Amino acid sequence: MTQILENYVGGRWQPGTGRLADLCDPATGEVVARAGTGGVDMKAALAYARDVGGPALRAMTFAQRGDLLLAASKAIFAHRDALLELGARNGGNTRKDAKFDVDGATGTLAVYAELGKRLGDTTVLPDGEGVQLGRTPRLWGQHVLLPRRGVAVHVNAFNFPAWGLAEKAACAWLAGLPVLTKPATATAMVAERIVRVLVDAKVLPAGALSLLCGSAGDLLDHLESQDVLAFTGSADTGYLLRSKERLLRRSVRVNVEADSLNSAVLAPDVEPGSEAWALFVRDVVTDMTQKAGQKCTAIRRIFVPAARLQDVQAELVERLGAVKVGPPGDEATGMGPVATASQLEDAVAGVAKLMTEADVVFGSPQARPGPGWYFGPVLLRARDAATARVVHEHEVFGPVSTLLAYDGTAAAAAALVRKGEGSLVASVYSESRDFVRDMVVEIGPWHGRLYLGSAAMAPLSPGPGTALPLTVHGGPGRAGGGEELGGLRGLSLYQQRVALEGDRALVEKLFPTPAPAAATPSAR
Ligand code: NAP
């Protein structure tokens, strides 16, 4: 019998009524579950989280919330194998891809657990140093960070059902906010199982976690001014959500993580056969094929000095040719199907768009015949990098990337990278400090993260496609303008910064100060 996924609201499991959406196995197209939110009282769900979960979390110290995160991480880890299987069944993930998602979730929770432990037995964080405001230090100013009194509503994309839930929840819980999480409906099985695991393990106070498996319905029409909306998904949906009248009128805090045309730039000093060269090739191939290219951080634009273009293309073509595309459960499979029928359609249409200004140098621009939603890696080469437009504007969310030649100068590479108008990450491969410095200065303001690839860091590098908990994830412009993670910075979305002005003796004694290393200011 097909499984019906339930919603977890008001502290109980509740199936949706009315028409349910089909959730499928991308390897076969077969329906594996159904889900919906019909009949869920969204206003009541939010009120329960606000009134029951909020006070319980706020009553805990950072150290206690850290314990909670660690317990959540362990509980999820105990069900790792089952979650990896679901990642294959409902997401088309190879085992490696599913690990990337699930281990990313438990790892991020564990890192934030450690941060909580370091903050210790306090509930209010100072933000920076105190300042003298009057003629004498008697009038003293100090900024502090307090948890907002609302719900953290998390609307996630289909590609990371485990990590997307956990990376957002880790920051919200540690800040002291209850979470209402809404995974993308098409791949919600993993998220639903995680919530079930956490509820059954009783690691969270009542109201700290709610789940919607299906459409958001009128959820956002009930948000209040102390609530927070953190959204990950397409730029179009992000625009729709952030421009909702209710959110604008009540100044609901909104964070958007959206499209991104991430770049990799190979500098002219990197010789074929060198370690930095090998890292560059490895990173490009990983990003094109991991999770079938459905990663917001994947390299979409590959900038190479014109003199090296043939060498790079030849090596990438050889490496991509060795990747076996097939069912996620087969051991020999290096890349599984894309997640949904509409993803497949979008990838085919996206490559056709790119082909108006680029030639395919590897792979087929057509979908593979079914069953299943298979689309092999496609490498393109722009005919004229200077005049190309689509490649800088249209994100093909699949195993697709485009080579673009530049003249070997940092200025030219930077000008091309900036045409993406804001991305999550760019990687620069070079052993030259001057080249790297020029790139950092010239493209930094268009990015949330710059990955500096070199021989020295290569053995330790997880690649630019991995969003790490201690560095920020997000980007300006097209990437949505949001920011998540980054250690304690990730909490600031959920905190209100308040300036205290008063007698120094009073201001300084109001709250115990955490150890200096733990009290890193969260700049927002
Ligand atoms: P999407 O279609 O925009 O959906 C994202 C989420 O928004 C889903 O949970 C979806 O729910 C929900 N949603 C859609 N319409 C809504 C509405 N009117 N009200 C409330 N919620 C609504 O994106 P996707 O196809 O899942 O993900 C692919 C995109 O996400 C790509 O463009 C990729 O670049 C981007 N992405 C960005 C990041 C990042 O961190 N920057 C990470 C991953 C993905 P339903 O599924 O129920 O429709």
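Residues numbered from 1 in each chain as written. Predicted model: local features only at pLDDT ≥ 70, side-chain atom pairs only at ≥ 80, totals over all residues. Heavy atoms only, no water.

(A) Fine view of the sheet that holds strand β15 (residues 358-362). Across the sheet, 7 strands lie side by side as β15-β16-β17-β14-β13-β18-β19; this open sheet has mixed pairing. The strands lining the two open edges of the sheet, one partner per strand, are β15 and β19 (447-453). The sheet shows a mean angle of 25° between the axes of neighbouring strands, direction not considered. Bridge count between strand β18 (residues 423-429) and β19: 6 bridges; the pairing is parallel. What sits directly across from S427, in β19, is Y451. Running at roughly 150° to strand β14 (residues 299-305), helix α9 (residues 275-289) makes contact with β13 (262-266), β14, β16 (378-382), β17 (400-406), β18 and β19 of the sheet. Along the sheet, helix α14 (residues 433-443) contacts β13, β17, β18 and β19; its crossing angle with β19, the most-contacted strand, is approximately 170°. (Pairing = 2+ DSSP bridges. Helix = DSSP H or I, 4+ residues; strand = E, 2+ residues; numbered from the N terminus. Axes fitted to C-alpha atoms, helices over the stretch in contact; angles between N-to-C directions. Contact = heavy atoms within 4.5 Å.)

(B) Molecular detail of the packing of aromatic side chains. Taken as a whole and assessed by the stated rule, the structure comprises 6 aromatic pairs. The interplanar angle of 85° and the centroid separation of 5.7 Å between the aromatic rings of F158 and F397 together place this pair among those described as edge-to-face. On the criterion of sequence distance, the pair formed by F158 in the loop between β8 (152-155) and α5 (163-175) and F397 in the loop between α12 (390-393) and β17 is long-range, its members being 239 residues apart. We note that F158, like F397, is buried. Among the aromatic residues, those joined into a cluster by ring pairs are F100, F160 and W163. One residue, R65, lies across the ring of F62, its end atom 4.9 Å from the ring centre. Between R196 and the ring centre of W13, over which it is positioned, the NZ or CZ distance is 3.9 Å. (Phe/Tyr/Trp six-rings, centres within 6.5 Å; stacked < 30°, edge-to-face > 60°. Buried < 20%, exposed > 50% of the residue type's maximum accessible area, 1.4 Å probe, protein only. Lys NZ or Arg CZ within 6 Å of the ring centre and 35° of its normal.)

(C) Structural view of the pattern of salt bridges. The final tally for this structure, using the stated rule, is 21 salt bridges. The partner of R249 in a salt bridge is E245, with the nearest N and O atoms 2.6 Å apart. Here E245 and R249 lie together in helix α8 (residues 245-249), a separation of 4 residues that amounts to about one turn. With respect to burial, R249 and E245 carry one shared label: exposed. Across the pair E393 and R389 runs a salt bridge whose closest N-O atoms are separated by 3.0 Å. Taking the relative accessible area as the measure of exposure, E393 reaches 40% and is therefore partly exposed. Overlapping salt bridges bring together E6, E192 and R196 as one network. (Salt bridge = Lys/Arg side-chain N within 4 Å of Asp/Glu carboxyl O.)

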